[in-house]
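Observations on the three-dimensional arrangement
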Amino acid sequence: MPRASVNNDVEKISLIANNLREEVVKMLLEAGSGHPAGALGMADIFAALYFKILNVDPKNPTDPDRDRFVLSNGHICPIFYATLAEKGFFPKKELKQLRKLNSNLQGHPKFGVLPGIENSGGSLGQGLSQAAGMALAAKIQHRPFRVYCVTGDGEMQEGQIWEAAMFAPNKKLDNLTWIIDRNNIQISGRTEDVMPLENLRNKLESFNWYVIEIDGHNIEEIIGACNMARSVSQRPTAIIAHTIPGKGVEFMEYKFEWHGKVPSKEQALKALKSLASLEGKIKSDYD
Amino acid sequence: MLNKTLNLNEEVFLQDSELKSGRDGFGEAILKLGEEHEDVVVLTADLEESLRLTPFKKKFPDRFIETGIAEQNMASMGAGMALSGLVPFMTSHAVFSPYRNWDQIRLSICFSNANVKIVGSHAGFSNSPDGGAAESLEDIALTRVLPNLTVISPIDYEQTKRAVEEMYKIHGPVYLRICKEPTPQITTEITPFETGRAYTLIEGTDLTIFTTGTIAYEALEAAKVLKAGHKINIEVVAVPTIKPLDKENIIGSAKKTGRCVSLEEHQINGGFGSAISELLAEEFPVFNLRIGVSDTFGESGTYRELKDKYGISSHHVVEAILNMFKEK
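Residues numbered from 1 in each chain as written. Chains lettered and ligands numbered in written order. Predicted model: local features only at pLDDT ≥ 70, side-chain atom pairs only at ≥ 80, totals over all residues. Heavy atoms only, no water.

Chain B appears in an unreviewed UniProt entry as Transketolase from candidate division WWE3 bacterium. Checking UniProt for chain B, the heading Sequence similarities (unreviewed entry) contains the comment "Belongs to the transketolase family." (UniProt positions renumbered as here; feature names shortened; annotations may be inferred.)

In the annotation of an unreviewed UniProt entry, chain A is listed under the name Transketolase and assigned to candidate division WWE3 bacterium. Its UniProt record gives chain A the following Sequence similarities (unreviewed entry) comment, quoted word for word: "Belongs to the transketolase family."

What follows is the structure in structure tokens.
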């Protein structure tokens, strides 16, 4: 496992991730619909990406040399929106508008409506191709930016993912980092029951990706893997991030039933209390 | 007979008039566009020679991207490149793109209003010997329904070249429908072409034929026969931009003649004729007949044989119009 020396960054990023999870629960409660499991499971990765890895500046969101972040599985967007707001791309009060009429926070992200959104996502399997296009554009334009793409694992059942998986190594897109949320669930059940993806590592390596497997909740490993990807030359990197769907909210963890269901008010309160108290370790505002 | 103001090819009706194909026009125009604009890149899904792209590839190897036989990846990648400031022309046969990758064109390209130019060649019956599987008779229906997308179907080689120049100037997605089959040259280098404009190729008073794509020649031929043999003055209006339609000129011609026919090398359902009918039904209800492929797939044959069998040759247009005038 690659590890990074990040001093007190780890603590800071973990706390941000926890705050993002709280925001996600609040947003879903307010919206009345949405996808909690994947969003909560990816909080640590989003916090690490936006507060340590990506070269992005909310004050200059269209800088042609900024790093690009492409979200392929658009349904986990509550964590994306919460992260963008935390980073300062738009005011946090906008988060309440998720999934509402005339809102910029669409149920799946739409390019162009909010700073920081780099693509449109929803129909699964398209993001890796979009990211490969951006990475290739960087090469053609001799620009230094890197492209990071998050996909779910279930969406790897789409054929297009494998078209892009063939393309990116062929074009030696070493400026592309693909982070796979390996949480083992999809809407109808466990991925290995619905349509098995294993052996995922072997599949990707045979497509000539440089593959790193990490614990997707270990901040040091997330940062270490992204740093390692930067040093890989002549081929793209795939980071298989093993995550726990619903991470941080005990009654949701590991349960595919929470892929696309929102908590009740009581459940949300329980979740918020658990998150704010770091699972009962400290006193929270909700006590 | 031809509208003098458009500087059309006066020799278009001659037996030995030179035939040229839209794909050749595209290959020449994209090379020129690449020379003029550094941000132009070309993608193709294993159809380099078919789309006449080899000169572009030789001149700009770094701006030519072979995606392999993977139209879905090509479309979403095109979006990624466009959102990074390039102007990708993604090319294939129409029957693959926008068919195989319609979802990607919708979400990755049109939903983001990404500046991707989609080029579908071998449209209509122009891939004739390859049979019904390879004949693109539904692509207008597939594309004209998409928000943000401009749809252009040039009537000949020269207009294809102009369309390539014009589509570069549009900031947003464009679908260009072109054909393989060499067809008569209706326009010349100095014939005007603007996106969104319809052009009256022949002025008439008795009936308007609206047409798009290279089948436009059959409309001209029909107008010639009807005038010479039956003294019926047909107005022929070419509508190379199917979306957005030139409402003013289309309605204007319908008001002038009071009777309309649409002619297209495509299914009559959901295609060009449907677009004209929708417009006229709402804005100026008038007698209107759609001529095109009638809810059936094609088959192998020569281009001429298929046009005859599936009812879109000039003599079908003549017969349909004579029947209309007989009934009157």
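This paragraph deals with the nonpolar core. By size, the foremost hydrophobic cluster in this structure holds 72 residues, and its most contacted members are A:Leu176, A:Trp178, A:Leu204, A:Trp209 and B:Ile109. Per element, the largest residue contribution to this core is nine residues, and it comes from helix H5 (residues 127–140) of chain A. With sequence-adjacent residues up to four places away left out, B:Ile109 is seen in contact with B:Ala75, B:Ala79, B:Met90, B:Gln104, B:Ala114, B:Val116, B:Ile118 and B:Pro173. (Core = buried A, V, L, I, M, F, W, Y, C linked by side-chain atoms within 4.5 Å. Buried < 20%, exposed > 50% of the residue type's maximum accessible area, 1.4 Å probe, protein only. Helix = DSSP H or I, 4+ residues; strand = E, 2+ residues; numbered from the N terminus. Contact = heavy atoms within 4.5 Å.)

Turning our attention to the interface of chain B and chain A. Facing the 24 residues of chain B at the interface are 26 residues of chain A. Both faces considered, chain B and chain A share a buried interface measuring about 2,000 Å² in area, 59% of it formed by carbon and sulfur atoms. One can count 12 residue pairs in polar contact (both at pLDDT 80 or more) joining chain B with chain A. Every element with two or more residues in the side of chain B that touches chain A is listed here: strand E3 (64–66), helix H3 (71–83) and helix H4 (102–110) of chain B. Broken down by class, the residue content of the side of chain B that touches chain A amounts to nine nonpolar, 10 polar and five charged. (Buried area = accessible area lost by both parts, 1.4 Å probe. Polar contact = N/O pair within 3.5 Å; in protein donor to acceptor, adjacent residues only side chain to side chain. Nonpolar A, V, L, I, M, F, W, Y, C, P; charged D, E, K, R; others polar.)

So, about the environment of B:Val164. Residues and elements named next belong to chain B. Summarising the element assignment, Val164 is placed in helix H6 (residues 157–169). With a relative accessible area of 0%, Val164 lands in the buried category. Residues Val164 and Leu176, spaced 12 residues apart in sequence, show a C-alpha to C-alpha distance of 8.1 Å. Beyond its immediate sequence surroundings of up to four residues, Val164 is in contact with Phe26, Ala29, Ile30, Leu33, Phe89 and Leu176.

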